[in-house]
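The chain contents come next:
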Amino acid sequence: MRANFLPLAIFSLILFLNVTPSICQIESPSKIKDYSSLTEEIHILTFFVNTRDGRWEEETLETQFVELLKSQRWLQAEAKKWNQSLDFDNEYFFLDNKFVTYLDRKALKSNPRVILQKIINKLKFHSFQEYLKENEFDQIVRKLKVVIFINNAHRRHVITPWSTKEMDIVILYRDPKSEKVTNQYEISHELLHQFGAWDLYYKRGKNQTLESGKEAEKRYPYSIMMKRYQNKEMLNIDEVTAWRIGWNQWDESFNEFDPFLNQEKIKEEAIGIPISGKTNPSNSNKNKKEGNLH
């Protein structure tokens, strides 16, 4: 029985890995989304969520919001290094920015779109689009990112970026028993995902192959997308990330770090055996031809 079970288990895992990208696409920054560039004015809408695990005390909430502002200043400083204009508007939704509400555990198990919907309902709106219309906010003309800070003892500092064609949401979980808040560099890393940035660090079965992860570490040891925040003064936005967010020209060498071109190799490393079949064509360069910014 065991002998028959192992091949079946391996087959099931391969099948899961092959269909997962299409199933889970909305759970992470989309592979086909035409991202807006991290330039000009970016509007930020921020919410804080209390849970059974803990509440946001006023002092802690303000400390966390300050880290968000520090993140924005850091990104602006990096933009200047690349001769880019960047500004953040935290005041457009001034009546609701830093709005605090409570969600139960059932709601927290929902995907980010549903979590946002429940927060919007607490503000007495039926939908997010109705909320934007009431605030006369045109998503076609303006750029908007929603940042949600949630107290959750079961997801300490786990960060979830989530994108659809309609909206980008970053959920940052914090352990209410901890005195720490999510720091500016973690926030910057996750915001960059919402403009198309790739993770450059190696983690089995995730964004880079073992080989491309080592090469990224060699070329860009202080990149914020390496997710290492010890040498804070040395952190920067590398040339690949700069291209992804609209600050740099495309170079063919960047393909080495393309998680979509490398997806078959990433899957193989995840399960330890080769996967037969052709690699799906990458959509990542679909709207980013050589020499053009996105």
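Just so it is clear, the model here is predicted, and its values are computed rather than measured.

Sorry if this is basic, but what is going on with the nonpolar core here?
Where a protein is soluble and globular, its nonpolar side chains tend to be buried together. Judged by nonpolar contacts, the single largest core of 44 residues is most densely connected at Leu38, Leu75, Leu192, Ile224 and Ile237. Listing elements by their share of this core, those giving two or more residues are strand S1 (40–50), helix H2 (58–81), strand S2 (86–89), strand S4 (143–151), strand S6 (168–174), helix H6 (184–193) and helix H8 (239–244). Of all the elements, H2 adds the most residues to this core, at six residues. Those residues in contact with Ile237, other than ones at most four positions away along the chain, are Trp74, Leu75, Glu78, Trp82, Leu192, Ile224, Ala242, Ile245 and Trp247. Counting residues in hydrophobic clusters, the runner-up holds 26 residues, among them Phe47, Ile119, Tyr131 and Trp162.

What's the story with the pattern of salt bridges in this structure? I'm lost.
In a structure, side chains of opposite charge can pair up when their charged atoms sit close to one another. Taken as a whole and assessed by the stated rule, the structure comprises 10 salt bridges. The residue Arg228 makes a salt bridge to Glu217 at a minimum N-O spacing of 2.9 Å. Placement of the pair is Arg228 in the loop between helix H7 (210–219) and H8 and Glu217 in helix H7, with a sequence separation of 11 residues. Its salt-bridge partner being Arg219, residue Glu256 comes within 2.9 Å of it at the nearest N-O pair. With Glu256 in the loop between H8 and helix H9 (263–271) and Arg219 in helix H7, the pair connects residues that are 37 residues apart, well separated along the chain. Classification of Glu256 as partly exposed rests on a relative accessible area of 28%. In the salt-bridge network here, residues are joined through shared partners; they are Glu215, Arg219 and Glu256.

Calculation criteria
Residues numbered from 1 in each chain as written. Predicted model: local features only at pLDDT ≥ 70, side-chain atom pairs only at ≥ 80, totals over all residues. Heavy atoms only, no water. Core = buried A, V, L, I, M, F, W, Y, C linked by side-chain atoms within 4.5 Å. Buried < 20%, exposed > 50% of the residue type's maximum accessible area, 1.4 Å probe, protein only. Helix = DSSP H or I, 4+ residues; strand = E, 2+ residues; numbered from the N terminus. Contact = heavy atoms within 4.5 Å. Salt bridge = Lys/Arg side-chain N within 4 Å of Asp/Glu carboxyl O.

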